[in-house]
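In case you want the letters, here they are:
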Amino acid sequence: GAVVSQHPSWVICKSGTSVKIECRSLDFQATTMFWYRQFPKQSLMLMATSNEGSKATYEQGVEKDKFLINHASLTLSTLTVTSAHPEDSSFYICSARRGLAYSGANVLTFGAGSRLTVL
Amino acid sequence: GQQLNQSPQSMFIQEGEDVSMNCTSSSIFNTWLWYKQDPGEGPVLLIALYKAGELTSNGRLTAQFGITRKDSFLNISASIPSDVGIYFCAGGTGNQFYFGTGTSLTVIP
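Every value quoted in this text rests on a predicted model; they were computed, and no experiment measured them.

Caption draft 1: How the structure looks around the overall build of chain A. Looking only at helices and strands, chain A features zero helices and eleven strands. Taken from the N to the C terminus, the helices and strands of chain A come in the order β-β-β-β-β-β-β-β-β-β-β. Here chain A has a C-alpha radius of gyration of 14 Å; the compact-globule value for 119 residues is 14 Å, and the two agree. Projected onto its principal axes, the C-alpha positions of chain A cover 45 × 25 × 25 Å. Looking at chain A as a whole, 51% of its 119 residues are labelled buried. Summarising the internal contacts of chain A: among those between residues at least 6 apart in sequence, 54% fall at separations of at least 24. A total of about 5,800 Å² of accessible surface is found on chain A, and carbon and sulfur atoms cover 54% of it. Each charge sign in chain A was given a centre, from 11 positive and 8 negative side chains, and these centres are 4 Å apart.

Quick look at the structure:
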């Protein structure tokens, strides 16, 4: 149980185009999903917290107009990188929270990640 | 965002040796999670801890939630080649989780 599917697993696009990445919880409902960016050999940096039915909460320094997040249902959150540039090339990973926030079952399940390369 | 101090940054060990890594924070957490990440993949959960002092095992892996709630450690006993990867801790409070800087483990056969 507790599977998170992320799609696409890799994408190459031209500079100036927009790219959408989907994150789905397949066998559980996730009121909260998280989006991370990871550079080679570095840790995961939280970009934003996505709450179902409300606006995402962005971390300091993350441009919300650049990285659009939509969490329209309890099983789907999307990250759209708008007008992508080469510096946006990175590994993007989503996670979904199972269990209540302060419960003894609060755990994050991660997607497999999406490798974005902007030419 | 906040990042937790994780050490060591990297380890090179012989197959069969035990491994120990830890995470420390200036903040108190009510959840500690340990993950393993293989190259090009997302992190996979190894152990979840929810109570201060809790000691939990998963096969050859053992993790503890520090009494102060500001630290946690992960031990791997009798390492094998497939233990190779990057290990991350994550400290959580309610809806927020913060990650450690990672420990890269190399196991030499």
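What follows picks up the thread again.
Caption draft 2: Expanded view of the state of the cysteines. Going through the model one piece at a time under the given rule, you end up with two disulfides over all chains. Disulfide pairing is shown between A:Cys23 and A:Cys94; the S-S distance is 2.0 Å. With the S-S bond torsion at 80°, the cross-link from A:Cys23 to A:Cys94 turns out right-handed. In this pair, A:Cys23 sits in strand β3 (residues 19-25) while A:Cys94 sits in strand β9 (residues 90-98), placing the two residues 71 residues apart along the sequence. Residue A:Cys23 is classed as buried on the basis of its relative accessible area, which comes to 0%. The disulfide bridge from B:Cys23 ends at B:Cys89, spanning 1.6 Å between sulfur atoms. Given an S-S torsion of about -75°, the disulfide between B:Cys23 and B:Cys89 has left-handed geometry. Of this pair, B:Cys23 sits in strand β3 (residues 19-24) while B:Cys89 sits in strand β9 (residues 85-93); the two residues are 66 residues apart in sequence, bridging distant segments of the chain. On the basis of relative accessibility, which here comes to 0%, the residue B:Cys23 falls in the buried class. Judged by relative accessible area, B:Cys89 falls into the buried class, the value being 0%. Here A:Cys13 is not cross-linked by a disulfide; its sulfur's nearest cysteine counterpart is in A:Cys94, at 18 Å.

Caption draft 3: Quick peek at the environment of A:Tyr92. With respect to the element layout, A:Tyr92 can be found in strand β9. The spacing of A:Tyr92 and A:Ala72 is 20 residues in sequence and 20 Å in space, taken between C-alpha atoms.

Caption draft 4: Geometry of the side chain of B:Gln6. Residues and elements named next belong to chain B. Looking at the secondary structure, you find Gln-6 in strand β1 (residues 5-7). Reaching out from Gln-6, the side chain makes a polar contact with the backbone nitrogen of Cys-89 at a distance of 3.4 Å. Here Gln-6 is in contact with Met-21, Asn-22, Cys-23, Trp-34, Tyr-87, Phe-88, Cys-89, Gly-100, Thr-101, Gly-102 and Thr-103, once residues within four sequence places are set aside.

Caption draft 5: Examining the sheet that holds strand β8 (residues 71-76) of chain B more closely. Residue and element names in this part refer to chain B. Strand order in the open sheet formed by five strands is β1-β3-β8-β7-β6, with antiparallel pairing between adjacent strands. Edge positions in the sheet fall to β1 and β6 (55-58), since each has one partner strand and no second. The average angle at which neighbouring strand axes cross in this sheet is 15°, direction not considered.

Caption draft 6: Expanded view of a nonpolar patch on the surface. Residues and elements named next belong to chain A. On the surface, Trp-10, Ile-12 and Leu-119 cluster together into a nonpolar patch covering about 400 Å² of accessible area. Here Leu-119 is to be found in the segment after β11 (114-118). A residue is classified by how much of its surface remains accessible, and Leu-119, at 61% relative accessible area, is exposed.

Caption draft 7: Structural detail: the pattern of salt bridges. Residues and elements named next belong to chain B. Going through the model one piece at a time under the given rule, you end up with four salt bridges over all chains. With a closest N to O distance of 3.4 Å, Asp-38 and Lys-36 form a salt bridge. Judged by relative accessible area, which is 36%, Asp-38 ranks as partly exposed. Under the relative-accessibility criterion, Lys-36 is labelled buried at 16%.

Conventions we followed
- Residues numbered from 1 in each chain as written.
- Chains lettered and ligands numbered in written order.
- Predicted model: local features only at pLDDT ≥ 70, side-chain atom pairs only at ≥ 80, totals over all residues.
- Heavy atoms only, no water.
- Helix = DSSP H or I, 4+ residues; strand = E, 2+ residues; numbered from the N terminus.
- Rg over C-alpha atoms; globule rule 2.2 N^0.38 Å.
- Buried < 20%, exposed > 50% of the residue type's maximum accessible area, 1.4 Å probe, protein only.
- Contact = heavy atoms within 4.5 Å.
- Areas by Shrake-Rupley, 256 points an atom, 1.4 Å probe, with all protein chains shown as cover.
- Lys, Arg positive; Asp, Glu negative; His and termini not counted.
- Charge placed at Lys NZ, Arg CZ, Asp CG, Glu CD.
- Disulfide = S-S within 2.5 Å.
- Polar contact = N/O pair within 3.5 Å; in protein donor to acceptor, adjacent residues only side chain to side chain.
- Pairing = 2+ DSSP bridges.
- Axes fitted to C-alpha atoms, helices over the stretch in contact; angles between N-to-C directions.
- Patch = residues over 30% accessible without salt bridge, like charges linked within 9 Å, V, L, I, M, F, W, Y side chains within 5 Å.
- Salt bridge = Lys/Arg side-chain N within 4 Å of Asp/Glu carboxyl O.

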